[in-house]
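Chains, contacts and geometry: an overview
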Amino acid sequence: DKPFTCGHASNSRAHGSLVLAPPMQTGRNGEFFEKAITGAQDKYGLIVGNGYLLLDWKEDPVGYRDGLWKHSYMLFGIFAGVYLLLSVMVAIAIVPLLTGSG
């Protein structure tokens, strides 16, 4: 029998996991996960209840989470900078019209 190899579960450096968010467990992925669960039940003799959690094994789950936060902050900063730039450009275009000098 081969060991369980779904995702990074067989990686000896995987020290933790993250729970997959409910939107990732439904839709197109839902059918795939249902087949994977059924296959694991048959192959490994598992018994699955109704309230199971689907996990994504990671070598460094804390680093992965921190990376997501870092990218979120960076994206927020980019959007804020673009918004500020557009606001200044609109203000420069509108001020002469409002003051009557344009």
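Residues numbered from 1 in each chain as written. Predicted model: local features only at pLDDT ≥ 70, side-chain atom pairs only at ≥ 80, totals over all residues. Heavy atoms only, no water.

It is worth spelling out the overall build of the protein chain at this point. Looking only at helices and strands, the protein chain features 3 helices and 2 strands. Reading the helices (α) and strands (β) of the protein chain from amino to carboxyl end gives β-α-α-β-α. Its C-alpha radius of gyration of 25 Å places the protein chain more than 25% over the 13 Å reference for a compact globule of 102 residues. Projected onto its principal axes, the C-alpha positions of the protein chain cover 80 × 30 × 20 Å. Burial status across the protein chain gives 11% buried among its 102 residues. Entry remark: accessible area of the protein chain is about 8,500 Å², with carbon and sulfur atoms responsible for 66%. Looking at charge distribution, the protein chain has the averaged site of its 8 positive side-chain charges lying 6 Å from that of its 8 negative ones. (Helix = DSSP H or I, 4+ residues; strand = E, 2+ residues; numbered from the N terminus. Rg over C-alpha atoms; globule rule 2.2 N^0.38 Å. Buried < 20%, exposed > 50% of the residue type's maximum accessible area, 1.4 Å probe, protein only. Areas by Shrake-Rupley, 256 points an atom, 1.4 Å probe, with all protein chains shown as cover. Lys, Arg positive; Asp, Glu negative; His and termini not counted. Charge placed at Lys NZ, Arg CZ, Asp CG, Glu CD.)

By the definition in use, this model includes 4 salt bridges. The residue Asp56 makes a salt bridge to Lys58 at a minimum N-O spacing of 3.2 Å. The class for Asp56 is partly exposed, based on a relative accessible area of 26%. You can call Lys58 buried: its relative accessible area is 16%. (Salt bridge = Lys/Arg side-chain N within 4 Å of Asp/Glu carboxyl O.)

Mapping Lys58 onto the fold places it in strand 2 (residues 55-58). In terms of polar contacts, Lys58 uses its side chain to reach the side chain of Asp56, at 3.2 Å. Once residues within four sequence positions are removed from consideration, Lys58 is found in contact with Ala14, His15, Gly16, Ser17, Leu18 and Tyr64. (Polar contact = N/O pair within 3.5 Å; in protein donor to acceptor, adjacent residues only side chain to side chain. Contact = heavy atoms within 4.5 Å.)

With that out of the way, let us pick up the environment of Asp42. Considering the arrangement of structural elements, one finds Asp42 in helix 2 (residues 28-44). Spatially, the C-alpha atom of Asp42 lies 23 Å from that of Asn11, the residues being 31 residues apart in sequence.

Bringing helix 2 into the picture now. Given a rise of 1.5 Å per residue, 17 residues ought to cover 24 Å, and the 25 Å separating the end C-alpha atoms of helix 2 matches this to within 8%. Restricting attention to buried positions, one finds in helix 2 the residues Gly30, Phe33, Ile37 and Ala40. End-on view of helix 2: buried residues confined to an arc of 90°, all on one side of the axis. What points out from helix 2, more than 90 degrees from its buried face, is the exposed set Arg28, Glu31, Phe32, Lys35 and Asp42. As for helix 2, its buried residues are in contact with helix 1 (22-25). Once helix 2 ends, the next one or two residues include Gly45, with phi positive near 70°. (Expected span 1.5 Å × (residues − 1). Arc of directions from axis to C-beta.)

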